[in-house]
2 protein chains.
Amino acid sequence: MEINKNYKNLEASYLFSTIAKKVKEFAEKNPDKKVIRLGIGDVTRPLCKSVVEAMKKAVDEMGTFEGFHGYGPEQGYDFLKEKIQGYYKEKNVTLKLDEIFISDGAKSDLGNILDIFSKENTVLIPDPVYPVYVDTNIMQGRKIIFAQANQENNFLPLPNDDVKADIVYICSPNNPTGAVYNKEQLKKWVDWANKNNAVILYDAAYECFINDNNLPRSIFEIEGAKTCAIEFCSLSKTAGFTGTRCGYTVVPFELEFDDMSLNKMWLRRQTTKFNGVPYIVQRGAEAVFSEQGQKEIKENIDYYKKNAKIIADTLTKHNVWFTGGVHSPYIWLKCPNNMTSWEFFDFLLEKAQVVGTPGAGFGKNGEGFFRLTSFGTNELTKEAMERLDKMLTTYCK
Amino acid sequence: MEINKNYKNLEASYLFSTIAKKVKEFAEKNPDKKVIRLGIGDVTRPLCKSVVEAMKKAVDEMGTFEGFHGYGPEQGYDFLKEKIQGYYKEKNVTLKLDEIFISDGAKSDLGNILDIFSKENTVLIPDPVYPVYVDTNIMQGRKIIFAQANQENNFLPLPNDDVKADIVYICSPNNPTGAVYNKEQLKKWVDWANKNNAVILYDAAYECFINDNNLPRSIFEIEGAKTCAIEFCSLSKTAGFTGTRCGYTVVPFELEFDDMSLNKMWLRRQTTKFNGVPYIVQRGAEAVFSEQGQKEIKENIDYYKKNAKIIADTLTKHNVWFTGGVHSPYIWLKCPNNMTSWEFFDFLLEKAQVVGTPGAGFGKNGEGFFRLTSFGTNELTKEAMERLDKMLTTYCK
C-alpha cells in the first residue's frame, strides 16, 4: 500500500501552540497579572433561545415513533433550504432549492469541494490566508500561487490578466484581515473568472457582520457570478454554531465545465460520501432564520461589533493603521514602531497582558501585522483596550 | 478549470428509484392491496430515552454562558472516546484514546479515509457490495478488482495469494448479505494483509447484531490486525442514529506505511477538513454507552432481531437458501424457482405485496439473490411472512 505522498509536503503549524506556550510561561512568571485573550477565533455567547427551543423540540420528536427521523436527504431538508432561499431573496439573489446544499460547516465543504476538480488545476490563494485553503490543496498535490494582499491594496488584491489560475479563493469579509470587497472590486474578480474559465470559491462565513447595504454579502449579488462561483456560508459566527455545526453551500445550476454540471457533481459527491446534517441541528438552523431568531442572533452580532468598535476606536486614536473592525469581527493592525508580528506579540503580552495572533502565522504578507478579535466579553475587551491605550501612549508615540 | 474526470466513470444507480417506480405503479393499479416494505435499510424505532434526555440536557447547556461549547476537538471529546474505549475493552480490545476518532458516520469516514492513500493503489472489493466502496474509489481513479462472494463460499470470500491488492474492504456482518466472518476466517485476511503490505478497511457498522461471543465484533480481536486494519463503526443501526449522525473510526498507532503513521495522517486530514461532531450529538452518543443506554438500545436491537428470526424461520420452513438473519438485520436469500432478482421482485410484489431489494443491484454476484430487512414493525413483518409462506406453498414447491 502506498500512502498519499502529498501529505509529506504539509508543514506543521506551530502558531497556536507557540502562542499557548508563551502565554503559559508569562503567566507562570507573573501569577499576579491577569492576561486577556483577544486572539480567540471562537464565539463565546450561548445559542439563542429560539434555537435552543427548536432543538429541544426536535430531540423530543426523535424520541417518538411519529416524530422520528432516520436518514434525511444528504443535501439537507427542504424546510431549511427554503429558509436559506428566503435569506438570499432579501439580498436580491434568487436561488433554486436544489442549488443549496446544507453542510456541517464551511470548513468541511471548502475542503471537500476540491474532490470534484482535477489535480492539474492551478490554485490562486490570497496571502495572508486562512491556512485550510492551502493545506487542502497541498493534500491533493495542486500547484498553488498567491495573490499578494498588503497595505498598498488594503489587503484586497484584485485580479491581474497576467495571472493564470483555475481555482481562486476569495474570503470577504476576510479572515484574518477583516477587509471587505465592494461590488466593483468583486465584479472585477467575477469578470476575470468568466474570461479565464476559472471558478471562484467564495467564503462568505462572515457575511453577517456587514453593516452597509452597498457592500455585497453574497458573490451572487454580482452579475455573472452564477457562471463562475460557488459560495460557502456558515452559521458558526452568525448564530454561534461553532460547536453545533451547520452551514450551507450554493452551487448554481449555471456552473458547467467540460459538459459537466458542478451542481450534479457535488450532489453525487455528497450523496456518496456524506449522510447529511443531524435532523436536530437542521431544526435549530431553521430557527435561526425565523423572525425571532434573526432578532436574537442580531443581538449577539451587535455585541461582538461593539467590541470591534472599542478596539477600532483605540487604534484610530493612536493612528495605528488597520483593516476590519467595522464589517468584521477581526481587526488586522500594523504593528507599531515597525515591530515584527512576534515582537509585537511579546511586547503586548509584556506591557499590557493582552494576547492576540501574530499576522506572520497567516502567510508571508502577514509579517508586521497582528490580528485582534471581538469574540470576548465587552468588559474584558474594554479593559484590554484601556491597557493598550496606555501602552501606545507610553511607548508608541 | 478542469473537472475531476473520474466522475464521468461513475454509473448512475437506478436501483432504489426503479423499486419506487414499480411499487408506485403497482399501488396505482391495485389501490385495495396493502404493500409491506421489507426493503428498507433505515431503522424505524425512535431514539431511546437515555439519549433523548442527554441531548436535551446538552441543548440546555448550549443556551447558557457556562455550558456553551464552541469548537470542540475535531477528533471528538474525550468523554465519548473514553466510553468507546471501554466498549472495546469488553471485547478484550485495548485501544489508546487517540486511536479513536469520532465521526459523523461510517459512510463519511469510509469515503474520506481514501484521501490518505495513493491513487496508484489497487483496491479489492467484495461482490456483492455496499456501492459506496466502489463509487468513492472510482471518484479517485483507483483500479478496482473484486473478491467473488457466492453461494459456494457462503458469501464469505477468503484471501488468495494470487490476488495482489493494496486496500481491501471487509464488511462483517455484511451489507447486503448478512454473512459474518468467524475468527479463523478473519485471521486469514489479517495474515494476508500483513504479508502483502495491504491495509484492511473494516466496516463494523452491524457488529451489535452479533449474538455469539465466539464471532468477532471487531477486527482488533484478531491478532496482528493493528498493523494492517482500520475499523469503521457507527451508532446508526446500533442506536437508531441514522438521522442523528455519529460513528467512530479506529486507526491504530501501529499502522505505518512509508515511514508515515496513518493515525497522524488521518488526524491531519480531519483537523484540516472536518470540525467535529456536534457537542449535543456527542452527549447523546455518550448516553448510548451508559448502563441504562445499553439496556435500552438492546431492546431495540432485539426487536429487529425478532423480525429477522420471523423471516429466517419462514425461509427455513420452505428450504429457501439464505445467509444472514441471525447476526444481522439483513436476510439474503436465493430466489426460488431459479428466478432472477428482478423476476422475484415482481413476483413477490404481485403475489404477496411485499417489497424487497433485488440482489443484482449490489453487484453481478447478487443476481439470483434478494435482500429482506428486519427494520419494519413486528406486526408488518409477521403479516409479510404469512403472505410469503402462502406464496411459497402455492408457487414454489
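Engineer: Explanation requested: the nonpolar core in the structure shown.
Structural biologist: Among soluble globular proteins, nonpolar side chains are generally buried collectively. Counting residues in hydrophobic clusters, the biggest one holds 213 residues, and the most contacted among them are I200, F241 and Y248 of chain A together with I200, F241 and Y248 of chain B. Apart from the residues within four sequence positions on either side, I200 of chain B is in contact with V168, I170, W189, V190, A193, I219, C228, A229 and I230 of chain B. Judged by nonpolar contacts, the second largest core, of 64 residues, contains I116, V123, V199 and M260 of chain B.

Engineer: I would appreciate a short explanation of the confidence of the model for chain A in the present structure.
Structural biologist: Detailed reading of the predicted coordinates is not advisable wherever pLDDT falls low. For chain A, per-residue confidence averages 97 on the pLDDT scale, and residues scoring 70 or more make up 100% of the total. Reported for the predicted complex are a pTM of 0.97 and an ipTM of 0.97.

Engineer: When you look at the pairing of strand β15 (residues 369–373) of chain B in this model, what are you seeing that I'm missing?
Structural biologist: Two faces belong to every sheet, and in a regular strand the side chains alternate between them. All names here are of chain B. Burial analysis of β15 places five of its five residues in the buried class, which makes it a mostly covered element. The alternating pattern of β15 places F369, R371 and T373 on one face and F370 and L372 on the opposite face, and all of these are buried. As judged from the five bridges shared by strand β12 (residues 330–334) and β15, these two strands associate in the antiparallel manner. Paired with W332 across the two strands is R371, which belongs to β15.

Engineer: How do you make sense of helix α6 (residues 183–195) of chain A when you look at a structure like this?
Structural biologist: The periodicity of an α-helix, 3.6 residues per turn, causes residues three or four positions apart to be oriented the same way. Residue and element names in this part refer to chain A. In a regular helix each residue adds 1.5 Å, so 13 residues correspond to 18 Å; α6 covers 18 Å between its end C-alpha atoms and thus fits that length. Restricting attention to buried positions, one finds in α6 the residues Q185, L186, W189, V190, W192 and A193. The arc that holds every buried residue of α6, seen down its axis, measures 165°, which confines them to one face. Away from its buried face by more than 90 degrees, α6 exposes E184 and K195.

Engineer: Would you mind going over the packing of aromatic side chains with me for this structure?
Structural biologist: What characterises a pair of aromatic rings is the spacing of the ring centres plus the angle enclosed by the ring planes. Scanning the model with the defined rule gives 46 aromatic pairs over all chains in all. With a centroid separation of 5.2 Å and an interplanar angle of 15°, the aromatic rings of Y77 of chain B and F79 of chain B are classed as stacked. F79 of chain B matches Y77 of chain B in its accessibility class, with the two residues each being buried. Between F155 of chain B and W321 of chain B, the aromatic rings sit 6.0 Å apart at their centres with planes inclined by 45°, giving tilted as the arrangement. Of this pair, F155 of chain B sits in the loop between β4 (143–148) and β5 (167–171) while W321 of chain B sits in the loop between α10 (291–317) and β11 (322–324), and the two are 166 residues apart along the sequence. Residue F155 of chain B is classed as buried on the basis of its relative accessible area of 4%. Among the aromatic residues, ring-to-ring pairing joins Y206, F209, Y303, Y304, Y330 and F375 of chain A into one connected group. The side chain of K334 of chain A reaches across the aromatic face of F369 of chain A, ending 5.5 Å from its centre.

Thresholds, definitions, all that
- Residues numbered from 1 in each chain as written.
- Chains lettered and ligands numbered in written order.
- Predicted model: local features only at pLDDT ≥ 70, side-chain atom pairs only at ≥ 80, totals over all residues.
- Heavy atoms only, no water.
- Core = buried A, V, L, I, M, F, W, Y, C linked by side-chain atoms within 4.5 Å.
- Buried < 20%, exposed > 50% of the residue type's maximum accessible area, 1.4 Å probe, protein only.
- Contact = heavy atoms within 4.5 Å.
- pLDDT = per-residue confidence, 0-100.
- Helix = DSSP H or I, 4+ residues; strand = E, 2+ residues; numbered from the N terminus.
- Pairing = 2+ DSSP bridges.
- Expected span 1.5 Å × (residues − 1).
- Arc of directions from axis to C-beta.
- Phe/Tyr/Trp six-rings, centres within 6.5 Å; stacked < 30°, edge-to-face > 60°.
- Lys NZ or Arg CZ within 6 Å of the ring centre and 35° of its normal.

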